[in-house]
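Reading the structure
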Amino acid sequence: METEVLTPAQFADFQEVITGTLGIKMPPTKKVMLQSRLHRRLRELGLESFAEYHAKFFGDPAHQATELEHLLNLATTNKTDFFREPEHFDQLAKDVLPAWLRAPSGPVFSVWCAGCSTGEEAYTIAMVLAEQQRTFSFDFSIRATDVSTRVLETARQAVYTEEHAAPVPLALKQRYLLRSRDGGEQLVRIGPDLRRKVRFGHLNFLSPDFGMREVFDAVFFRNVMIYFDRATQQQVVAKICRQLRPDGRLFIAHSETLQGMDLPLRMVAAAAYRRLPGEGAAP
Ligand SMILES: C[S@@+](CC[C@H](N)C(=O)[O-])C[C@H]1O[C@@H](n2cnc3c(N)ncnc32)[C@H](O)[C@@H]1O
């Protein structure tokens, strides 16, 4: 295939679609990354050049309607891990859940993993809560959402390499993971009981209304808003607050900040916030 680069005008067109649809910033420094990801897509489609891909995308509305999903999938960065930034899982088990057990907000302790990528974060939450069920009598449910249909497929399959599952403590591996072999590769799969606890679904943080009726006791929104500009970050977190019950906990990543934003939240620990009662609060 001809090796070529996206022209500035072509890059600007894709940038507009990606940032406009997902909120993900696309500065010129992202051009090389986008090019290399698009290259793979071109090969899949049997196209010869970016010019051809661009012309089809912007010249044929029917094609754009189906191709958009692929473009958005490849525009997202999905790096994640089991037990990533583990202090938050400790807080969930030792602080948020015990408070809920003293004064349950409903029949089920509910958590939203917002921007769940390939599922590791949601299954980590599930393992941590299942561990607590060994001591306390309660039920829990986890909603996990992402805009990328590709990562959601992987998340639902719940199959990972053993190497990737290395951060999972041994006792939890023994209790919650199934082992299998695929050729030379050792694989693990999240066990069915835990899989049933997590409901995966498609959600774009830029959609005006998340279309969700649930209100959660805790929300993990980590390593997502780092890709948005500040105005978008504030709008999205304000909407997330509406899905968080008063006193519920919001976790963001340690590299992210809500400082200076007008939000009904109070910081309670590093990258952890308590939902204040007040405007837009859930009943
Ligand atoms: C780097 S991953 C973070 C995964 C996990 N939360 C963690 O901390 O390990 C960011 C995820 O946010 C998702 N994302 C980006 N923009 C989004 C949007 N507008 N709506 C919903 N999800 C989005 C991406 O698809 C990606 O899977």
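Structure: see above.
All of the points below concern the structure found in this document. (Residues numbered from 1 in each chain as written. Predicted model: local features only at pLDDT ≥ 70, side-chain atom pairs only at ≥ 80, totals over all residues. Heavy atoms only, no water.)

One finds Trp112, Phe205, Phe221, Leu250 and Leu258 to be the most contacted residues of the largest nonpolar core, which totals 45 residues. Of all the secondary structure elements, the ones that give two or more residues to this core are α1 (8–22), α2 (31–45), α3 (50–59), α4 (61–75), β1 (109–114), β7 (216–220), α10 (230–242) and β8 (244–251). Considering every element that reaches this core, the biggest residue donor is α1, with 5 residues. Lining this core are residues from two domains, each supplying at least three of them: domain 1 (8–75) and domain 2 (87–161 + 190–275). Apart from the residues lying within four places of it in its own chain, the contact partners of Trp112 are Arg143, Thr145, Leu203, Phe205, Phe210, Met212, Phe216, Ala218, Val219, Phe220, Ile240 and Gln243. The next biggest cluster of nonpolar side chains, apart from the first, holds 42 residues, and it includes Phe89, Val111, Met127 and Tyr160. (Core = buried A, V, L, I, M, F, W, Y, C linked by side-chain atoms within 4.5 Å. Buried < 20%, exposed > 50% of the residue type's maximum accessible area, 1.4 Å probe, protein only. Helix = DSSP H or I, 4+ residues; strand = E, 2+ residues; numbered from the N terminus. Domains from an automatic or database assignment. Contact = heavy atoms within 4.5 Å.)

Here Arg189 lies in strand β5 (residues 185–190). Overall, the relative accessible area of 32% leaves Arg189 in the partly exposed class. Put simply, Arg189 and Ala103 are 86 residues apart on the chain and 34 Å apart in space, counted from C-alpha to C-alpha. Residues contacting Arg189, with those up to four places away along its chain left out, are Arg156, Gln157, Ala158, Val159, Tyr176, Leu177, Leu178 and Arg195. There is a polar contact of 2.8 Å between the side chain of Arg189 and the backbone oxygen of Gln157. (Polar contact = N/O pair within 3.5 Å; in protein donor to acceptor, adjacent residues only side chain to side chain.)

On the basis of which strands lie adjacent, the open sheet formed by 3 strands has the order β3-β5-β4 and antiparallel pairing. At either end of the open sheet lies a strand with only one pairing partner, and these are β3 (159–161) and β4 (177–182). Adjacent strand axes in the sheet meet at a mean angle of 35 degrees, parallel and antiparallel pairs treated alike. Where β3 meets β5, 3 bridges bridge the pair, whose relative direction is antiparallel. The residue bridging Thr161 from the neighbouring strand is Leu187, located in β5. (Pairing = 2+ DSSP bridges. Axes fitted to C-alpha atoms, helices over the stretch in contact; angles between N-to-C directions.)

In this structure, the largest pocket spans a volume of roughly 390 Å³. Lining the largest pocket are 25 residues, with Thr77, Gly115, Asp146, Asn223 and Val224 positioned closest to its centre. A per-class count over the lining of the largest pocket returns 10 nonpolar, 9 polar and 6 charged. Considering only enclosed or pocket space, the second largest pocket measures out at about 260 Å³ in volume. Taken together, Arg37, Arg40, Arg41, Glu44, His70, Asn73, Leu74, Thr76, Asn78 and Arg150 form the lining of the second largest pocket. (1 Å grid on protein atoms, 1.4 Å probe; cavity = no way out; pocket = protein on both sides within 12 Å on 5 of 7 lines; lining within 4 Å. Points joined across faces, edges and corners; volume = space filled by probe spheres on them. Nonpolar A, V, L, I, M, F, W, Y, C, P; charged D, E, K, R; others polar.)

Reading across from one edge, β6-β2-β1-β7-β8-β10-β9 is the order of the 7 strands in this open sheet, with mixed pairing throughout. The open sheet has two edge strands, β6 (198–202) and β9 (265–269), and neither has a second partner. Averaged over all neighbouring strand pairs, the angle between strand axes comes to 25 degrees, with direction disregarded. The sheet contact formed by β8 and strand β10 (residues 272–275) spans 3 bridges and is antiparallel. Pairing of Phe251 across the sheet is with Ala272, part of β10. Its contacts with the sheet place helix α6 (residues 120–133) against β1, β2 (140–146), β6 and β7, and it is angled at close to 175 degrees to β2. Strand contacts of α10: β1, β7, β8, β9 and β10, with the helix running at about 135 degrees to β8, the strand carrying the most contacts.

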